[in-house]
Amino acid sequence: MGDNSTNASYGKGTATLRDNLSGIEEAVRLLSLGKLVGLPTETVYGLAADARNGQAVAAIYEAKGRPKFNPLIVHVADIEAAKSWAELPPELERLCAAFWPGPLTVVAPLRKNSGIASLVIAGLPTVALRVPAHPTAQAVLRNFGHPIAAPSANPSGKISPTNAAHVLAGLNGRIAMVLDGGNCQVGLESTIVAMDGALPVILRPGAVTAAQIAKYTTVPPVSNTQPKKIEAPGQLASHYAPATPLRICDEGPREGELFLGFGELPEGAVGLDLSPDGILSEAAANLFGHLHALDARAIAENWRGIAAVRVPHSGLGIAINDRLRRAAHR
Ligand code: TXA
Ligand code: MG
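The structure presented is a predicted model; accordingly, all values stated were derived computationally and were not measured.

## Concerning the site of ligand 1
Phase 1 of the analysis: Around ligand 1 lies a shell of 25 residues, among which T43, H75, T126, S190 and R204 are the nearest.
Phase 2 of the analysis: One of the side-chain N or O atoms of R130 is found 3.0 Å from an oxygen atom in ligand 1.
Phase 3 of the analysis: Between R204 and ligand 1, the recorded distance is 3.0 Å, taken from a side-chain N or O atom to an oxygen atom.
Phase 4 of the analysis: Look at ligand 1: alone it shows 680 Å² of surface, and the protein chains cover 98% of it.
Phase 5 of the analysis: Those elements that provide at least two residues to the shell around ligand 1 are β4 (73-75), β6 (126-130) and β10 (199-204).
Phase 6 of the analysis: For the shell around ligand 1, the leading source of residues is β6, giving 3 residues.
Phase 7 of the analysis: When the residues that make up the shell around ligand 1 are grouped by side-chain class, the tally is 13 nonpolar, 8 polar and 4 charged.

## Focus on the packing of aromatic side chains
Phase 1 of the analysis: Considering all chains together, one arrives at 1 aromatic pair under this definition.
Phase 2 of the analysis: Relative to Y216, the ring of F99 lies with its centre 5.4 Å away and its plane at 80°, an arrangement referred to as edge-to-face. One end of the pair, F99, is in helix α4 (residues 90-99); the other, Y216, is in the loop between α8 (210-214) and β11 (222-223), with 117 residues separating them in the sequence.

## Things to note about the pairing of β10
Working note: regular strand, side chains alternate between the two faces of the sheet.
Phase 1 of the analysis: Where burial is concerned, most of β10 is hidden: 5 out of the 6 residues are buried.
Phase 2 of the analysis: Sheet analysis places strand β9 (residues 191-196) next to β10, joined by 5 bridges and oriented antiparallel. What sits directly across from D196, in β10, is L199.
Phase 3 of the analysis: What sits between the antiparallel neighbours β9 and β10 is a turn of 2 residues, in which G197 has the positive phi angle 65°.
Phase 4 of the analysis: Bridge analysis of β10 against β11 gives 2 bridges, and the strand direction is parallel.

Analysis parameters
- Residues numbered from 1 in each chain as written.
- Chains lettered and ligands numbered in written order.
- Predicted model: local features only at pLDDT ≥ 70, side-chain atom pairs only at ≥ 80, totals over all residues.
- Heavy atoms only, no water.
- Near = heavy atom within 4 Å.
- Polar contact = N/O pair within 3.5 Å; in protein donor to acceptor, adjacent residues only side chain to side chain.
- Areas by Shrake-Rupley, 256 points an atom, 1.4 Å probe, with all protein chains shown as cover.
- Helix = DSSP H or I, 4+ residues; strand = E, 2+ residues; numbered from the N terminus.
- Nonpolar A, V, L, I, M, F, W, Y, C, P; charged D, E, K, R; others polar.
- Phe/Tyr/Trp six-rings, centres within 6.5 Å; stacked < 30°, edge-to-face > 60°.
- Buried < 20%, exposed > 50% of the residue type's maximum accessible area, 1.4 Å probe, protein only.
- Pairing = 2+ DSSP bridges.

This is how it looks when you write it as structure tokens:
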């Protein structure tokens, strides 16, 4: 990484502040200066920058080591702000009214002369917009008063962060500060929806499920998580990957494998349980944290792999299995 004039703390430590009033004020001050701030949202921690500042956005790509042509999600405080940046078709507006603030992102045509840095949208005519529900993210957005570009706060291709320690483990010294708001409640990135003509398309599964979306759209949504034109990180086959090889299984671990279970762990298995009671929302909230922990343990203790059990494939289970599949791909 080269000299980074937009991020004075580059190469030094990253400050960690509690997400109280003074922490939020400091985050807003740094964002105004074009710096990068790790920020809690209800899905995962975001790596936030002023979406109008091209240099600050460039610093996001640099800190993450992210391929340049992947567009970022723009976070705004409410649906009115979203409508000022994009032309929301009626179908998407209904979804936003139903699920915002919350774990939904919509992709819509960007308004002309929006002032959003072109790097954010990576040359596309559209922009991805989200109104997060987390009170800290909301407070930062309202105090800052401008749109915030924020991908997940992890090095590109690595496991997404669901607490401040995860952010530091991947990005310490590369970003100005992290606002520590504890553990993320949802634990998986937002559901992304775009329109293909009259057809709603789910580009990335998340906590808002296809069945929930279908209640608000004329036609039920289709899933297209492997588009040909836009190759974005959340859609690449290999993503969210631990350093240790991960295998998806329907039974238990093999010799030398740590186990990521759901429901009761099989006898003799060494590892972690996503949800001992088999609750999918609990499993989602634990997923990335458990992957981080198992990866660290496998490296420290020389385990040869991680076996992760497939979870029931309905509701949130679809998004969890999607992340497991990408973590397993290499
Ligand atoms: O939950 C979340 O969405 C988290 C938190 C921090 O809000 N953010 C997040 O952002 O996951 P990011 O940048 O990692 O996700 C970017 C995804 C890409 O995978 C891409 O598919 C989609 O957003 N995206 C962005 N702009 C797009 C566009 N114009 N067309 C299609 N997809 C787009
Ligand atoms: Mg990501």
